[in-house]
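A closer look at the structure
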Amino acid sequence: MYPGAFAYHRAKSYSEAVSQLSELGEDAKFLAGGQSLIPLMKLRLSTPRHLDDLNFIPETSYIHGNGALRIGALTRHSQIAASPDAAQVPILRDCATGIADPQVRHMGTIGGSLAEADPTGDWAPVLLATGATVKTLGASGERSIDISEFILDAFHSALQHGELVTEIAVPLPNKRSGGAYIALKRCAPVYASASVAVQLALHDDDSCKDARIYLGVLGLTATRVPAAEEALQDRQIDAGLLQTVREAVMDTAEPTSDMRGSADYKREVAGTLAKLALQAAVRRARGEHVEVTHLYA
Ligand SMILES: Cc1cc2nc3c(=O)[nH]c(=O)nc-3n(C[C@H](O)[C@H](O)[C@H](O)COP(=O)(O)OP(=O)(O)OC[C@H]3O[C@@H](n4cnc5c(N)ncnc54)[C@H](O)[C@@H]3O)c2cc1C
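This structure is a prediction, so every number in the text was calculated from the model and none was measured. (Residues numbered from 1 in each chain as written. Predicted model: local features only at pLDDT ≥ 70, side-chain atom pairs only at ≥ 80, totals over all residues. Heavy atoms only, no water.)

Observations regarding the site of the ligand
Just so we agree on the cut-off: If even one non-hydrogen atom of a residue comes within 4 Å of a molecule or strand, that residue is called near it. Two N or O atoms count as a polar contact when they lie within 3.5 Å, although within protein this holds only if one can serve as hydrogen donor and the other as acceptor, and sequence-adjacent residues are included solely when both atoms are side-chain atoms. For accessible areas, the Shrake-Rupley method is used with a probe of radius 1.4 Å. Any residue's cover is judged against the shown protein chains and nothing else. Numbering of helices and strands runs from the N terminus; a helix is a DSSP stretch of H or I covering at least four residues, while a strand is a stretch of E covering at least two. In this count, Pro and Cys sit with the nonpolar residues alongside Ala, Val, Leu, Ile, Met, Phe, Trp and Tyr, while Asp, Glu, Lys and Arg are called charged and the others, Gly among them, polar.
If you check the shell around the ligand, you find 31 residues, and the closest are Phe30, Gln35, Ser36, Thr109 and Asp122. Here an oxygen atom of the ligand sits 2.7 Å away from a polar atom, N or O, in the main chain of Gln35. Protein burial of the ligand: of its 970 Å² of free accessible surface, 91% is covered by the chains. Those elements giving two or more residues to the shell around the ligand turn out to be strand E2 (28-31), helix H6 (110-116) and strand E10 (164-170). At 4 residues, the largest contribution of residues to the shell around the ligand is made by H6. Along the lines of polarity and charge, the residues of the shell around the ligand split into 16 nonpolar, 10 polar and 5 charged.

Quick notes on helix H7 (residues 123-130)
The criterion, for reference: We call a residue buried when its accessible area falls under 20% of the maximum for its residue type, exposed when it is over 50%, and partly exposed in between, using a 1.4 Å probe and counting protein chains only.
Within H7, 8 of the 8 residues are buried, which leaves it mostly tucked inside the rest of the structure. When H7 is considered as a whole, its buried residues turn out to be Trp123, Ala124, Pro125, Val126, Leu127, Leu128, Ala129 and Thr130. Just beyond H7, the residue with positive phi is Gly131, at close to 75 degrees.

Overview of the pattern of salt bridges
Note the threshold: Should a side-chain nitrogen of Lys or Arg be within 4 Å of a carboxyl oxygen of Asp or Glu, the pair is scored as a salt bridge.
Inspection of the entire model under this criterion finds 14 salt bridges. A salt bridge links Asp94 to Arg284, with the nearest nitrogen and oxygen atoms 2.8 Å apart. Of this pair, Asp94 sits in helix H4 (residues 90-98) while Arg284 sits in helix H11 (residues 263-285), and the two are 190 residues apart along the sequence. A residue is classified by how much of its surface remains accessible, and Arg284, at 12% relative accessible area, is buried.

Examining the sheet that holds strand E4 (residues 63-64)
Which entries qualify depends on this criterion: Being paired, for any two strands, means DSSP has found at least two bridges between them.
If you walk across this open sheet you meet the 5 strands as E4-E5-E10-E6-E7, and the pairing is antiparallel. Two strands lie at the open edges of the sheet, namely E4 and strand E7 (141-146), each paired on one side alone. Across 5 bridges, strand E6 (residues 133-138) lies against E10 in antiparallel orientation. The partner of Leu137 across the bridge, within E10, is Leu164.

Topic: the side chain of Ser46
Note the following rule: Any two residues whose heavy atoms approach within 4.5 Å are treated as being in contact.
Relative to the helices and strands, Ser46 resides in the loop between helix H2 (37-42) and strand E3 (50-53). Those residues in contact with Ser46, other than ones at most four positions away along the chain, are Lys29, Leu37, Leu40 and Met41.

Observations regarding the domain arrangement of the chain
Under the convention used in this document: Boundaries of every domain are those given by an automatic assignment or by a domain database. Throughout, buried area stands for the accessible area (probe radius 1.4 Å) lost by two parts on being put together, summed over both.
Domain parsing of the chain yields domain 1 (7-52), domain 2 (67-170) and domain 3 (177-296). A C-alpha centroid distance of 18 Å is found between domain 1 and domain 2. At the junction of the two partners, domain 1 supplies 14 residues and domain 2 supplies 17 residues. Across the domain 1 to domain 2 interface the summed buried area is about 1200 Å²; carbon plus sulfur atoms make up 72%. The tally of links from domain 1 across to domain 2 stands at 1 residue pair in polar contact (both at pLDDT 80 or more). When residues of the side of domain 1 that touches domain 2 are traced back to their parent elements, those giving at least two are helix H1 (14-24) and E2. Considering each element in turn, the side of domain 1 that touches domain 2 owes the most residues, 5 residues, to H1.

A word on the sheet that holds E3
Working definition: the strands of a sheet are paired by backbone hydrogen bonds and lie parallel or antiparallel to each other. Test applied: Here the axes come from fitting lines to C-alpha atoms, over the contacting stretch only for helices, and the angles between their N-to-C directions go from 0 to 180 degrees.
Taken in spatial order, the 3 strands of this open sheet run E1-E3-E2, and their pairing is parallel. Every interior strand has two partners, whereas the edge strands, strand E1 (7-10) and E2, have only one. Across the sheet, the axes of successive neighbouring strands diverge by a mean angle of 25 degrees, strand direction being ignored. In the sheet, E2 pairs with E3 via 4 bridges, with the strands oriented parallel. Across the sheet, residue Phe30 finds its bridge partner in E3, namely Asp52.

In structure tokens, the structure reads:
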């Protein structure tokens, strides 16, 4: 189906985009990779009268790795997957390489994904696990928003109308830190059925110094698992503790039954993904090179 009629605008700078959107009013939207917005428009679930294209604004697509990792909002998933700077935080590569298929990864942007706040999107649990900060620009100026305060609900972020995501800052992990993100997907070009992101640090004796665990697609927003994090604190990660984490994840998950599987099935999947992600994160924290791929079933 064709989208409803709209006027096309092309911003030359972020500040011009912000003022254009406030002039055009509530019926206007930014356009980034178009990988969420255009399908919604074709289904007439979104009917903006104006689209303001961000793609021609210079220097919006970059990955800088000095001090903290800074990722421009218009950076494509495929650029993150291929970036040596982003590889300093391996959980980012796990995420970027597994989003949909090459076409979507070459068009879709990290800023657009966060702005969309789709509960089935992959970036939210990953960026929450890393403790990222989202930088924005709106009519009242710039803001730095902790990622945990950015995504408020399903399809609802802290962005005000006309406010842009401009950059995502990800802290570089300290020594003896590791993370991993694993999703279960029915096939490549679809969203995950369940996913788990783990980012942790180890003491010198390999016990867990701290851990952050988030679930994707298993609630209205990415869900933290404090019971698992507390269980890991200062403990050696052995088979018994892996089982404890698995159970905590299964207790916390709030999946719904849908075409991707029953709630019970997704809860089981979440427990298994948590064990796999935790094992990969520990090996990475010990300095091992571990390739992580999503599971397809
Ligand atoms: C077939 C298919 C499969 C997919 N599978 C997955 C998947 O497995 N995992 C996954 O995570 N995603 C998946 N996606 C979505 C993809 O990751 C998109 O890139 C993402 O959801 C939106 O990014 P975008 O750049 O395309 O944004 P757009 O579609 O251009 O915009 C989305 C929304 O964000 C707003 N917006 C865009 N950029 C900004 C900005 N910088 N500041 C403020 N607002 C902004 C727009 O106005 C719009 O409301 C899939 C998409 C398709 C088509």
